[in-house]
Amino acid sequence: MKKILLILGLMATALGIQAEDGKLRVKMNCKPIGDSIVAILYGADDKELRLPFTGKQGVFDFEVPVARPSKMYIVEPQALRGKPAGIFLIPAIPGEEVLLTAEDYTRYDIDGSKFYSQYHVADILVENAQKEGKDETQVIYDFIKSHPDQECSAFLITHMDDLEKMKEAVGLLKPEVRNGRMKPLYQDMIDQMEAEMKAKEEAAKKQAAGIEAPEITLNDINGKPLTLSSLRGKYVILDFWGAWCVWCIRGVPKMKEYYSKYKGKFEILGIDCNDTEQKWKEAVEKHELPWLHVYNPKTSNVLADYGIQGFPTKIIIDPDGKIVRTIVGENPAFYTLLDDLFK
């Protein structure tokens, strides 16, 4: 659930913070931390609240405004610049007091008022289970089953990664806990996971082998319309990418290698997403991308038509305009497939 502090970068699920008013008191005694930290909460509409605090040699005592139970990051400032630093993920519960302790950068403990003292027991249980190689979701499920009257059980549902198990766990809770102040927190996550699952199912249908690829009409690098249908008669790889996408850029050398290796046997149509036109053109020039390119504005329906869920996504289309296969991410399987097709 936690225990690893040295992390590059910072990721979180946005959770709405909009209900009762309240504050969370935070006491920290974390020896490896310096004299400054930043508390980060995520609110409605993905809005982020960052609050800086100062202390002395890892000792802090401050209050954070929390409108409803949510998750909060406490980080060293250098973490916000993408550098190795201490990052603590803790429950943020209004009206409670949390005590955060750490001896070094390998792990930390969460304790405090009633909610946090209960959470501490579950946290240690899960930590030990992880060391023993047990299924974390199952361990949490068993804890909830044994402690259906504790608010921390409702919060722990957000640490589970099995949607059906999460729903079952909700049913185990006592009614006053299930319908209490933790409900918006775990329900948001369940709703989000259900929406993501539905989106993946829809994407799979749109990207299924044998499906005719939807027409694409977008402006090329010279501002002239280019259609996918104009490339019929040859294999085409639709490369959904962006200059902002680290993995897209990391994959460029290998893409260029295979474009040269099987020159004339297929064409690549790069479809830029979520860039400005200027950044798109600069990236094409900077990385010397030799294939066809089109710009995909936010008003376009292309991403929806193809059910794109992540970047990069590569879709191989046969000479008849039918989808052969979709590869999401920078995956070696893509190049193995090209070898199988064109050797």
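Residues numbered from 1 in each chain as written. Predicted model: local features only at pLDDT ≥ 70, side-chain atom pairs only at ≥ 80, totals over all residues. Heavy atoms only, no water.

With that settled, consider empty space enclosed by the protein. Scanning the model with the defined rule gives two cavities of 30 Å³ or more in all. The space that makes up the largest cavity amounts to roughly 80 Å³. Lining the largest cavity are Asp239, Trp241, Cys248, Gly251, Val252, Met255, Leu289, Trp291, Pro312, Lys314 and Glu330. Going through the elements one at a time, strand S11 (235–241) and helix H8 (252–261) are the ones with two or more residues in the lining of the largest cavity. (1 Å grid on protein atoms, 1.4 Å probe; cavity = no way out; pocket = protein on both sides within 12 Å on 5 of 7 lines; lining within 4 Å. Points joined across faces, edges and corners; volume = space filled by probe spheres on them. Helix = DSSP H or I, 4+ residues; strand = E, 2+ residues; numbered from the N terminus.)

Below, the discussion takes up the sheet that holds strand S2 (residues 36–42). By definition, the strands of a sheet pair up through backbone hydrogen bonds, in either a parallel or an antiparallel sense. Judged by pairing direction, the sheet is antiparallel, and its four strands sit side by side in the order S3-S2-S5-S6 without closing on themselves. Two strands lie at the open edges of the sheet, namely strand S3 (48–54) and strand S6 (87–92), each paired on one side alone. Neighbour-to-neighbour, the strand axes of the sheet open up by a mean angle of 25 degrees, direction not taken into account. Here S2 runs beside S3; their pairing, made up of seven bridges, is antiparallel. What sits directly across from leucine 41, in S3, is leucine 49. (Pairing = 2+ DSSP bridges. Axes fitted to C-alpha atoms, helices over the stretch in contact; angles between N-to-C directions.)

Summed over the entire model, instances satisfying the criterion amount to one disulfide. Linked covalently through their sulfurs, cysteine 245 and cysteine 248 form a disulfide whose S-S length is 2.4 Å. For the disulfide bridge between cysteine 245 and cysteine 248, the dihedral angle about the S-S bond is near 80 degrees, and by the sign convention the bridge is right-handed. (Disulfide = S-S within 2.5 Å.)

What follows is about the packing of aromatic side chains. The tally for this structure, following the rule as stated, stands at 17 aromatic pairs. Consider the rings of tyrosine 259 and tryptophan 291, whose centres lie 5.5 Å apart with planes at 75 degrees: the pair is edge-to-face. Linking tyrosine 259 in helix H8 with tryptophan 291 in the loop between helix H9 (277–286) and strand S13 (292–296), this pair joins segments that are 32 residues apart in sequence. One exposure class covers both tyrosine 259 and tryptophan 291, and it is buried. (Phe/Tyr/Trp six-rings, centres within 6.5 Å; stacked < 30°, edge-to-face > 60°. Buried < 20%, exposed > 50% of the residue type's maximum accessible area, 1.4 Å probe, protein only.)

Turning to the sheet that holds strand S4 (residues 59–65), a few remarks are in order. An order of S4-S1-S7-S8 is seen for the four strands of this open sheet, with the pairing classed as mixed. Edge positions in the sheet fall to S4 and strand S8 (109–112), since each of these pairs with one other strand and no more. Pairwise comparison of adjacent strand axes, ignoring direction, gives a mean angle of 25 degrees for this sheet.

A separate point is the pairing of strand S5 (residues 70–75). For S5, the buried fraction is high: six of the six residues fall into the buried class. Residue alternation in S5 divides its side chains into two sets, Ser70, Met72 and Ile74 and Lys71, Tyr73 and Val75, and both sets are buried. When S2 meets S5, the two strands line up antiparallel, connected through four bridges. Paired with leucine 41 across the two strands is methionine 72, which belongs to S5. As defined by bridge partners, S5 adjoins S6 across six bridges and the pair is classed as antiparallel. Of the residues in S6, the one forming a bridge with tyrosine 73 is leucine 89.

Before going further, it helps to examine the nonpolar core. The biggest cluster of nonpolar side chains holds 52 residues, and the ones touching the most others in it are Met72 and Ile74. Broken down by element, this core gets its largest block of residues, six residues, from helix H1 (residues 114–131). Listed in part, the 24 residues of the second largest apolar core include Ile237, Trp241, Tyr295 and Tyr335. (Core = buried A, V, L, I, M, F, W, Y, C linked by side-chain atoms within 4.5 Å.)

Attention now moves to the packing of H1 against helix H2 (residues 136–146). Remark: H1 packs on H2, axes separated minimally by 9 Å, with the N-to-C direction vectors making an angle of 145 degrees. Both H1 and H2 take part in a crossing whose hand is right-handed. Contacts from Gln118, Val121, Ala122, Leu125, Val126, Ala129 and Gln130 in H1 reach Glu136, Val139, Ile140 and Phe143 in H2. (Left-handed = near helix turned anticlockwise from the far one by under 90°. Contact = heavy atoms within 4.5 Å.)

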